[in-house]
Amino acid sequence: MRIYRKDYTPPAFSVDAVDLSFELDPVATLVKATLQIRRNPDAVERSSALELQGDELELRSARLDGRPLDSARFEADSQSLRIEDVPDRFELETEVVIHPEANTKLMGLYTSNGMFCTQCEAEGFRRITYYLDRPDVMSRFRTRIEADRTKYPILLSNGNRVAHGELPHNRHWVQWEDPFRKPSYLFALVAGDLVCHRGSFTTASGRKVALEIWVEPENIDKCEHALDSLKAAMKWDEDTYGLEYDLDVYMIVAVNDFNMGAMENKGLNIFNSKYVLAKPSTATDDDYEAIEGVVAHEYFHNWTGNRVTCRDWFQLTLKEGLTVFRDQEFSADMTSRPVKRIQDVTRLRTAQFAEDAGPFAHPIRPESYVEMSNFYTATVYEKGAEVVRLYQTLLGKDGFRKGLRHYLQEHDGCAVTCDDFRHAMAEANGVDLSQLERWYSQAGTPLVRAEEAWDEPSRTYSLELTQSLRAMPDQPPSLPLPIPLRFGLLGPDGSDIAGTARMLHLNEAEQIFTYRDLPARPVASIARGFSAPIKVDIDRSRADLAFLMAHDSDAFNRWEAGQELAKRVLLDLVARSSSSSAEVLEVDRLLIGAFGQVLSDPSLDGSIKELTLTLPSEELLAQALDAVDPEAVHRVRERVIREIASSLHDDWMETYERHAHGSDAIEKIEIDRRRIKNRALRYLVALETPETIELAVAQLRGATGMTDYEAAMTCLVDVDSPSTEDAIAEFYARWNRDPVVLDKWFRMQAMSSAETAFDRVVALSKHPDFTLTNPNRARSLLHAFAAGNPVGFHRSDGKAYRFIAEKTLELDAMNPQVAARLVSCFNQWKRYEPGRRALMRAELERVAAHPGLSADVSEIVERALAP
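Given the structure is predicted, the values throughout are model-derived calculations rather than measurements.

> Hey, could you go over the sheet that holds strand β28 (residues 483-490) for me, with residue numbers and the actual values?
Hydrogen bonds between backbone atoms are what pair the strands of a sheet, whose relative direction is either parallel or antiparallel. Ordered in space as β29-β28-β31, the three strands form an open sheet in which the pairing is antiparallel. Here the strands that pair on one side only, and so sit at the sheet edges, are β29 (502-506) and β31 (523-526). Averaged over neighbouring strand pairs, the angle between their axes works out to 35° when direction is ignored. For β28 and β31, the ladder comprises four bridges, and the chain directions are antiparallel. Residue Phe487 lies in a different strand from β31, and its bridge partner there is Ile526. Its contacts with the sheet put helix α5 (residues 378-411) on β28 and β29, and the angle it makes with β28 is roughly 60°.

> Quick one: what's the story with the environment of Ser607, residue by residue and with numbers?
The topology assignment puts Ser607 in helix α11 (residues 606-612). On the basis of relative accessible area, Ser607 is assigned to the buried category, the value being 3%. Residues Ser607 and Lys340 lie 267 residues apart in sequence; the distance between their C-alpha atoms is 10.0 Å. Ignoring anything within four residues of it in the chain, the contact list for Ser607 reads Val339, Ile671, Asp672 and Arg675.

> Tell me about the pattern of salt bridges, and please be specific about residues and values.
Evaluated as defined, the whole model comprises 85 salt bridges. Measuring nitrogen to oxygen at the nearest pair gives 3.0 Å for the salt bridge that ties Arg675 to Asp286. Linking Arg675 in helix α15 (residues 668-685) with Asp286 in helix α2 (residues 285-300), this pair joins segments that are 389 residues apart in sequence. Owing to a relative accessible area of 11%, Arg675 belongs among the buried residues under this scheme. Take Asp286: its relative accessible area is 48%, and that puts it in the partly exposed class. For the salt bridge of Arg365 with Glu437, the shortest nitrogen-to-oxygen distance reads 2.6 Å. Remark: Glu437 occurs in helix α7 (residues 437-441) and Arg365 occurs in the loop between α4 (337-356) and β24 (368-369); sequence separation between them is 72 residues. Of the residues examined, Glu437 reaches a relative accessible area of 21% and is grouped as partly exposed.

Cut-off values and rules
Residues numbered from 1 in each chain as written. Predicted model: local features only at pLDDT ≥ 70, side-chain atom pairs only at ≥ 80, totals over all residues. Heavy atoms only, no water. Pairing = 2+ DSSP bridges. Helix = DSSP H or I, 4+ residues; strand = E, 2+ residues; numbered from the N terminus. Axes fitted to C-alpha atoms, helices over the stretch in contact; angles between N-to-C directions. Contact = heavy atoms within 4.5 Å. Buried < 20%, exposed > 50% of the residue type's maximum accessible area, 1.4 Å probe, protein only. Salt bridge = Lys/Arg side-chain N within 4 Å of Asp/Glu carboxyl O.

Any link to function would need more than the numbers given here.
Structure below.
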C-alpha cells in the first residue's frame, strides 16, 4: 500500500507512558507492555476504536484497565490489534511472544552472535509489541529486562539504570527509566556477555557524564578511538552550538549483525561493529575518520533527532540531513576542511546524482512511499545535508547557530516538520526563506548553464546564468530554486582580481551578472567550495582548466578543475575508442603535465595531492554518457592511468620512496604521508612490471598498520601475478578470526578489476566464512561487486546480472532491507548500451515475477521498470 504525505493526520490517541517487561529467551521471549493511553485532542476525527500495529507477534493476553478483554471486543492477528469502544483515558496491558533467534530481518528484537539487540527505526518496534508505531507518538519509557545471568550478565536499555536484582534459577533483572519523551523508534535493548571500555565527560555546566562502550571481550582493545571521538563530539557541540548532553550515562554497543551503520537510540546507541572497533593494525586511516564521523553523527542526534524528532517519516531529512551536515562540519574541524569537502562532494556525486538521474529520483522530503526503509537514501541524507548547508551559506555561521538554537528551544520534546525548521531559521534571523521550500519538494539535480562574455574595449565581463531541472514523471513543472554561488575572477597571474570574489544569488530562471573595468580578461571560478548541490555547465578550454587547477585560491575548485580536465580527456578517449584500440589513443600531455605539477607542488599536503591525482571514477564517467559501454570506460581509464604512471615514473618512484617510512600514528602528518605514498604505489603497480609489483609485495609483508597493508593488497588483487594468490592467502590466514577485517578481504576481491573477478566472487559466495545472514558480509561481497566493480558487474554475457538477481531473491527471504539495497544496483539499467540494457531488464522482470516478493524489493523493481 502506498502512503502519501498529503494524507497525514495526527494520531487518534496519545501514549503518555510505556512500561515494558522482557523475559528474554532466544527461542521465545515474553514481552509485557503496559500503556497509559488517552485520546489525542488534536486528532482530526474521534475514533471509538484503538488500532495498534504489530508484525509477527503472538498475542497471549490483553487487559484494559485491569480487566481481561472480551474476545468479542477486539480483533488481533500477528500484524495488528484493534479494540472497540475504548474510553477517553485508559491503561492497556498486553503479553506477546516473539522469536528473536528466528528474526533474520534484524528489525525489532533479534540475536547476534549470542547477544540480544534491537533495531526499531523506522518500523521495528511493532515487531516487539503492539503499539502506535509512528514518530509523532512520544512517550516516557520504563523497561525491565530479565535474563539468564551466566549467558547475559549485561542488560542495557535507554535512559538511566534505576534498579536491579536477583531471581531464582540463575536469572537476574535490571530496570531502566528514560526521563525524556521519545518515539518508539528510539527504543533500545541489549543483553549479552559484554565488557565495557569506560570514560567520562564533564559538561560545560560541570555535570559528569559516564561514557560506556560495550563490546565482546576480544574487542576491548579496539575502543579507545571511538571513546575519544565521542568526547570530541560532545565538546564540539557545546562549543559550536551550546548543546549539552542531558542524561547521566551515554552508552555505545558494537554489534556484528546490523542493517545500518549505527542507531541513535536515546542514551544507548547501537553500532555496526565496523564503526566502533579500531586499532592501527586492523583499521585504515579512512576507517578511523569514518568512526569519528559516525560516532559524532549518532551523538548529535541527541538534539537533532531525539529531543526534537520528525512528525512523520516523510520528514526524515529533518533529522538526517541536519545531522549529516553537523557531522560533516565536525569532521572538517577535526581533520582538513578542504579534504573533507572534496570527500563529501565525491560521495554525493557518485551516489546521489545517480539517484537523481534514475527511476528512484525523489525530493529530499518524499511525497509517497510503499516501504519506508527504501527512503534511507543518499538524497535524504547527503543532498539533505547540502540543503541544510544552504541555510549556513545564506545566513552565515552565526545566523545558522542562532536559528538552530531557536528551532531546538521552540520545539524541544516535539515531533515537527521541515517547514518548522525553515520557519525557525527565518524567524530567528528576520529573513524570508520561503523560496528554500522548493529544495524540499523538487526532485533532481539542478543544472546551471553559464555563458560568459568579454568585451575588450570596455573591459567588461558578464556571466549569464540559467538554471533548470529535468522534468519528472507525475510532477508539476519545476520552479526556480535559490542557488547561492561563491564566485571569483582570476587574473593572468593566477590571483583573484580585487573586488570580484563574492556570493552570486541565482534566484530566478535566468540572471546576468556584470563586472566592469577589469584589468584583463579573467578566468572565472564558479561555485567555490561547492556552495550548492548543482551541476555547472560552462564551456572552458582545457588550458583554462589547467590554469585553475594550478592557481585557484579555493582549494575545492582547484581540485574540481583537475577533475573536469581529466573527465574531458577521458570522455574524449571513450568517444574515440569505438574506432581505435585504447592503447593507441594518445593521452593529452596537458593532463600529464598538470598531474606532474601537482605531484611536485610543495604547498599541497599529501591528502590534497592524493585526491587531486585520483582520476574520476568509472561510475562518475558513466554518468556523463548517454549509452554506457562499461568495458570501453574501463579500458580508457586504465590506459590513462598507465600513461600517467609511465610518463611520471621517476616522480612517482621518488614520491613513494620519500614517503615510505614513518609511524602508524593516526596523526595528520602521518595520514598525509600514507595517502600520497599509497597513491604513488597505485600508479606504479598499474605498470605491472616485476619491479613495481615487488614494491606492493614488500609493503604487504612489511606493513604493521592496516592502511599500508590494505593499500598493497588492493594493488595486488588488480594484477595478474602469482603474488596475487599469495597475498590473498596470506591475508586470510592472518585475519580470518576478525570479522571486520575479514569483510575487507571479501570486499577487495569483489572490487578487483581483474578479468577473473566475477568467477572469484561466485567462488567466494560459497566460502565457509560467507553468509547472507550477516549484512556486513553480504554487502562486503555482493554489494561491493555490483555497486563498486562496474566492469565486473556489467559483463557483456549477463552472467553477473543473473548471479546478483539470484542472490537478491535469496536475501529477500531473509532480510528484505539488504535485498532492496542490492537490487538497487540495477536502477540505472536504461542508461546502458542496448545489449546490457536488455539483459538487465530481463533480470528485473524475473525478480518482479518471483512469488512472495517483499514490499521492499517490489517497490525498487517496479519503479526501475516503470516507463
